[in-house]
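# Summary of structural features
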Amino acid sequence: MIETQRLASEAVCNALAGRNLTRVLQDIWARHAKLTAQQRGAIQDLSYGTLRFYGLQDALLKKLLTKPLKDDKLRCLLLVTLYQLQHSSAAPYAIVDNAVNTAIALKQPQAKGLVNAVLRNFLRQRDTLLQEVALKETARYSHPKWWIEKLKQQYPADWQAVLEANNSHPPMTLRVNRRWGNSDDYLKLLKDAGIEAECAGAQGIRLAKPQAIDKLPHFSAGAVSVQDLGAQFAAPLLDVADGMRVLDACAAPGGKTSHLLEMANLDLTALDNDAGRLAKVGENLARLGLNAKLKTGDAAKPDAWWEGKPFDRILADVPCSASGVVRRHPDIKWLRRASDIAQFAVQQAEILAALWRCLARGGKLLYVTCSVFAEENEQQITAFLSQHEDAKRLPLPGFPAPDGQLLPSAQHDGFYYALLSKH
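The sections below set out a description of the structure shown in this document.

Another point: the nonpolar core. Leu151, Val240, Leu260, Leu266, Leu366 and Tyr417 are the most contacted members of the largest nonpolar core, which totals 50 residues. Elements supplying a minimum of two residues to this core: α9 (145–154), α10 (159–166), α12 (234–237), α13 (255–263), β6 (267–272), α14 (275–288), β9 (359–369) and β12 (415–422). Top element by residues in this core is α14. It accounts for four residues. The residues contacting leucine 151, other than those within four sequence positions of it, are Pro156, Trp159, Val162, Leu163, Val372 and Phe373. Within the second largest apolar cluster, 47 residues are counted, among which are Leu7, Ala11, Cys13 and Leu56.

Pasting the structure below:
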């Protein structure tokens, strides 16, 4: 447990310092190749959980300390251990004892007494402390104050449900490759493999518990892909047909790219400004037996990569705050700033205007974000329509939210969709 606590604390420290948690964990796996699968799982659970409920752990730690800690490593160890004491099935005395030894492993032997005192004090006053910190919304909902206030303003009836969904564990949803078979066929394979699941949407299957992909029947052969149900609406909304020229802008990691190609035989270009991430698109397509033109380029600057022939369909899954998927990336809540939203909105407007030039008359463009903030979504589309007389907003057939805003829930993440036609 000492190694688990130490590396989880390292991950949390790096994430709070501004590094992407996924990349931090990948670096840890690379440096500690001898970690078992069980250890990796425990480290990931502790780091994700601590950041998911960082607002609460931070408030508790401030209550328990007589003065702020100057040492970030020690502070992160206490944050992780406080989370562990609330959510782990391990015996509290074992968690505390190991935390004391972890402090020694962190070369903080002088802090043994502090770690022991803080954690045992929490155990003695647990119920009282939790009640006291819950009076503060940033602790009760574990989100920054500006985020909570923005949701209150934009979703007066739903803001609490959104915050609670953001702090839940995300579902693991599969998309069955229609070129392989249908959901019923794959459900039978899962049942035979002892994996509990249910149908979700047209081609989706929601697993009762997350599974390693190598446990999924015929995954390597391209039978299914992992894709949130909310993201699975994109390809059907573009109603593609054989022979169409299609652009998937900002394509990485390629989930929507492959979904489009599963639906029809297309002349599809997958664009992304990150060559490394674009390579992942190619790997995903290869596993599924699909092909697309891969181009590295900035969606806001088509003159550098577009040959001038208009596209019949464009999927514009633009960069955004990712406020609709924070339960999958809990570090985002604490790294984003209120000012970031306006910056994303500027970038989104540039991309949308640039891609509009690439769309054929009579064609359709689907604007997509994984955000719940109106500045990136409805306000963005309203402004675009006021500036482009040749643009018309279309209804979203089969989409569960008529206004295009899908809020995070037990079934799916948060997404926004707007379908535009060019006349």
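Quick look at the side chain of glutamine 57 now. Relative to the assigned elements, glutamine 57 resides in helix α4 (residues 54–64). Assessed through its relative accessible area of 0%, glutamine 57 is described here as buried. Other than its neighbours up to four places away in sequence, glutamine 57 contacts Thr50, Leu79, Leu82, Tyr83 and Gln86.

All told, the structure shown has 27 salt bridges when counted by the stated rule. For aspartate 27, the salt bridge identified is with arginine 19, shortest N-O distance 2.5 Å. Overall, aspartate 27 belongs to the partly exposed group, its relative accessible area being 33%. The partner of aspartate 228 in a salt bridge is arginine 328, with the nearest N and O atoms 3.1 Å apart. Of the two residues, aspartate 228 is situated in the loop between β4 (224–226) and α12 and arginine 328 in the loop between β8 (311–317) and α15 (331–335); the sequence distance between them amounts to 100 residues. Each of the salt bridges in this network shares a partner with another, and the network as a whole consists of Glu137, Arg140, Lys145, Glu149 and Lys152.

This next bit is on the sheet that holds β4. Read from one edge to the other, the open sheet built from four strands follows the order β2-β3-β1-β4, with strand pairing classed as antiparallel. If you trace the sheet from one side to the other, it starts and ends with β2 (197–200) and β4, each paired once. Geometrically, the sheet is characterised by an average inter-axis angle of 30° between neighbouring strands, direction not taken into account. Relative to strand β3 (residues 204–207), β2 is paired through four bridges, and the arrangement is antiparallel. Residue pairing across strands places cysteine 199 opposite isoleucine 205, the latter belonging to β3. Sheet strands in contact with α13 are β1 (172–176) and β4, and its direction is about 30° off that of β1.

Glancing now at the packing of α4 against helix α7 (residues 112–133). In the contact formed by α4 and α7, the axes pass within 10 Å of each other and the chain directions differ by 115°. At the point where α4 passes α7, the crossing takes the right-handed sense. Between α4 and α7, the residues in contact are Leu56, Ala59, Leu60, Leu61, Lys63 and Leu64 and Val118, Asn121, Phe122, Leu129, Leu130, Glu132 and Val133, respectively. When its residues are assigned to classes, the contact of α4 with α7 shows 10 nonpolar, one polar and two charged.

A word on unusual backbone geometry. Going from alanine 252 to proline 253, the amide bond is cis rather than trans, its omega being 5°. Within the fold, proline 253 resides in the loop between β5 (245–249) and α13. At aspartate 239, a residue that is not glycine, the phi angle is positive and equals roughly 35°. Tracing the sequence through the fold places aspartate 239 in the loop between α12 and β5. By relative accessible area, aspartate 239 is classed as partly exposed at 35%. One non-glycine residue, cysteine 250, lies in the positive phi region at around 55°. For cysteine 250, the position within the fold is in the loop between β5 and α13. By relative accessible area, which is 18% here, cysteine 250 ends up buried.

The rules behind the values
- Throughout this description, residue numbers start from 1 for each chain and increase along the sequence as written.
- pLDDT decides what is reported in this predicted model: residues at 70 or higher carry local features, side-chain atom pairs at 80 or more are listed and counted, and totals for whole chains, interfaces and linings draw on all residues regardless.
- Here the side-chain values reflect all heavy atoms present in the structure, with hydrogen atoms and water set aside.
- Here, nonpolar core refers to any group of buried Ala, Val, Leu, Ile, Met, Phe, Trp, Tyr and Cys residues whose side-chain atoms link them within 4.5 Å.
- Each residue is assigned to one of three classes by its accessible area relative to the maximum for its type, calculated with a 1.4 Å probe on protein chains only: buried under 20%, partly exposed between the two thresholds, exposed over 50%.
- Secondary structure elements are taken from DSSP: a helix is a run of H or I of four residues or more, a strand is a run of E of two residues or more, and numbering for both begins at the N terminus.
- Residue contacts follow a heavy-atom distance rule, with two residues in contact if any of their heavy atoms lie within 4.5 Å.
- Put simply, a salt bridge is a Lys or Arg side-chain nitrogen that is within 4 Å of an Asp or Glu carboxyl oxygen.
- For two strands to count as paired, DSSP must find a minimum of two bridges between them.
- Every angle, taken between N-to-C directions, lies between 0 and 180 degrees, and every axis is a line fitted to C-alpha atoms, over only the stretch in contact when it is a helix.
- Each crossing gets its hand from how the near helix is turned against the far one by less than a right angle, where anticlockwise is left-handed and clockwise is right-handed.
- Each residue is assigned to one of three groups, with Ala, Val, Leu, Ile, Met, Phe, Trp, Tyr, Cys and Pro labelled nonpolar, Asp, Glu, Lys and Arg labelled charged, and all others, Gly among them, labelled polar.

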